[in-house]
Amino acid sequence: MRKDRILVIGANGQIGTVLTAALREHYGNNNVIASDIRANNDDNSPFELLNILDGERLSEIVKTKKITQIYHLAAILSASGEKNPRKTWDINMNGLFNVLDVAKDHAIDKVFFPSSIAVFGKTTPKYDTPQHTILDATTIYGISKDAGESWCQYYFLKHGVDVRSLRFPGVISYQSMPGGGTTDYAVDIFHKAVQGQNFECFLEKDTMLPMIYMPDTIRATCELMDAPAEKIKIRTSYNLAAMSFTPQEIADEIKQHIPNFKISYKPDFRQAIADSWTATIDDSEARKDWGWKEAFDISKMTKDMIIQLGKKYQKKQMI
Ligand code: SER
């Protein structure tokens, strides 16, 4: 068996930052090559500058670094994507084509492609959204993820590329910040609360969305990628669930730890995006096929976020 050599694309993003560190723990620092369009000055670990639209450069990195697995995390998210739909389509789709082609041409062992709850739309069942259901995304981000899922399945069926994918809910993390998503409020709210500030939410108080804590996000990704290929029955993308809550519910949860915390609501254009998504997800296929089970619910996650961010801000004050 050849040695695992990993390329993470979009390694400086919200998930990429934490996933790269986790993969380095698992595969060894020098076997995980981080890449991003933005330079990374943080440490001396392997890093390559990469614009995902540059297929030749991607191919060169894969060849020279002897890459065997690719985690393709680079994309423009739902809210940012609406500001420039053509550019979003270009980056999200042509970036994926470059990854799928390089995987096919260089016989890459496995590829990870994150999809999203953004593939769902107004006519998708809102509660317990099934795995196989109507996908009528209204954001360009969601449309690109929907098309991307089908392209992944196509490359698996036609070319035998072992692509695996998860429909991520909103990801909540203390280690890194999200950028340009509709679920970002659920991270920002913690930063404000821990710093003793009030929070103005860009969604209505009763807008329920599916969410997941970062440790579960990373574990789900690694468990999916480690599962034997024959267990992966869904080659578009797996529904994945951990918890669902509204802004009011998360604010109430935070108040149990920070009683003076106050939230107010001022919905903007992101309300329509959130309203088009579903509220709770049926992920029984993931549980059945490769044994998915979340470890964090809303109260466990809230407690941990407040502890971890508390440490972070305390450290900053001491510097
Ligand atoms: N968190 C993403 C967004 O809000 C959804 O995948 O765009």
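(A) Structural detail: the overall build of the protein chain. A count of helical and extended segments in the protein chain gives 11 helices and 12 strands. For the protein chain, the C-alpha radius of gyration of 19 Å lies close to 20 Å, the compact-globule estimate for 319 residues. A separation threshold of at least 6 residues defines the contact pool for the protein chain, and within that pool the share at least 24 residues apart is 79%. Of the accessible surface of the protein chain, which amounts to about 14,300 Å², a share of 50% is contributed by carbon and sulfur atoms. For the protein chain, the separation between the mean place of its 39 positive charges and that of its 40 negative charges on side chains is 3 Å.

(B) Up close: the packing of aromatic side chains. Scanning all chains against the criterion turns up 10 aromatic pairs. Centroid distance Phe112 to Phe168: 6.0 Å. Interplanar angle 50 degrees. Geometry classified as tilted. Highlighted residues: Phe112 in strand β5 (residues 110-116) and Phe168 in strand β6 (residues 163-168), separated in sequence by 56 residues. Neither residue differs from the other here; Phe112 and Phe168 are each classed as buried.

(C) Representation of the packing of helix α4 (residues 85-105) against helix α5 (residues 140-159). Two elements in contact, α4 and α5, have axes separated by 10 Å at closest approach and are oriented at 15 degrees. Taken together, the axis directions place α4 and α5 in an arrangement best described as roughly parallel. With respect to the hand of their crossing, α4 and α5 are arranged in right-handed fashion. Along its contact with α4, which presents Pro85, Thr88, Trp89, Asn92, Met93, Leu96, Phe97, Leu100, Asp101 and Lys104, the element α5 presents Ile140, Tyr141, Ile143, Ser144, Ala147, Gly148, Trp151, Cys152, Tyr155 and His159.

(D) Broad picture of the nonpolar core. Grouped together as the largest cluster of nonpolar side chains are 38 residues, with contacts concentrated most on Tyr185, Phe190, Phe245 and Met301. Within the residue set of this core, elements represented by two or more residues are α6 (185-194), β8 (199-201), β9 (209-213), β11 (243-245), α8 (247-255), α9 (270-276) and α11 (298-318). Among the elements that make up this core, the one with the highest residue count is α11 (6 residues). Discounting chain neighbours no more than four positions away, the residues touching Tyr185 are Phe199, Cys201, Phe202, Leu203, Met211, Phe245, Thr246, Pro247 and Ile250. Among the nonpolar cores identified, the runner-up in size contains 31 residues, and Val18, Tyr27, Ile234 and Tyr238 belong to it.

(E) Fine view of α11. With 21 residues, α11 should reach 30 Å at 1.5 Å per residue; the first-to-last C-alpha distance of 30 Å fits that figure. Restricting attention to buried positions, one finds in α11 the residues Ile298, Met301, Thr302, Asp304, Met305, Ile306, Gln308, Leu309 and Tyr313.

(F) Layout of the site of the ligand. The full set of residues close to the ligand is Leu77, Ser78, Ser116, Tyr141, Gly181, Thr182, Thr183 and Trp277. Within the side chain of Tyr141, an N or O atom sits 3.1 Å from an oxygen atom of the ligand. Alone, the ligand offers 230 Å² of accessible surface; in the complex the protein occludes 93% of this. A breakdown of the residues in the shell around the ligand according to their chemical character gives 3 nonpolar, 5 polar and no charged.

(G) Inspection of the packing of helix α2 (residues 55-64) against α4 at higher detail. Where α2 meets α4, the axes come as close as 10 Å, and the angle between the chain directions of the two elements is 40 degrees. For α2 against α4, the interelement crossing comes out right-handed. Side by side, α2 and α4 meet where Gly55, Leu58, Ser59 and Val62 of the first sit next to Asn98, Val99 and Val102 of the second.

(H) A look at the pairing of β6. Burial analysis of β6 places 6 of its 6 residues in the buried class, the great majority of the element. Alternating positions in β6 separate into two faces, Val163, Ser165 and Arg167 on one and Arg164, Leu166 and Phe168 on the other, with burial throughout. Sheet topology note: the β5/β6 ladder contains 6 bridges and is parallel. Counterpart to Pro114 in the pairing with β6 is Leu166.

Thresholds, definitions, all that
- Residues numbered from 1 in each chain as written.
- Predicted model: local features only at pLDDT ≥ 70, side-chain atom pairs only at ≥ 80, totals over all residues.
- Heavy atoms only, no water.
- Helix = DSSP H or I, 4+ residues; strand = E, 2+ residues; numbered from the N terminus.
- Rg over C-alpha atoms; globule rule 2.2 N^0.38 Å.
- Contact = heavy atoms within 4.5 Å.
- Areas by Shrake-Rupley, 256 points an atom, 1.4 Å probe, with all protein chains shown as cover.
- Lys, Arg positive; Asp, Glu negative; His and termini not counted.
- Charge placed at Lys NZ, Arg CZ, Asp CG, Glu CD.
- Phe/Tyr/Trp six-rings, centres within 6.5 Å; stacked < 30°, edge-to-face > 60°.
- Buried < 20%, exposed > 50% of the residue type's maximum accessible area, 1.4 Å probe, protein only.
- Axes fitted to C-alpha atoms, helices over the stretch in contact; angles between N-to-C directions.
- Parallel < 35°, antiparallel > 145°, perpendicular 65-115°, else oblique.
- Left-handed = near helix turned anticlockwise from the far one by under 90°.
- Core = buried A, V, L, I, M, F, W, Y, C linked by side-chain atoms within 4.5 Å.
- Expected span 1.5 Å × (residues − 1).
- Near = heavy atom within 4 Å.
- Polar contact = N/O pair within 3.5 Å; in protein donor to acceptor, adjacent residues only side chain to side chain.
- Nonpolar A, V, L, I, M, F, W, Y, C, P; charged D, E, K, R; others polar.
- Pairing = 2+ DSSP bridges.

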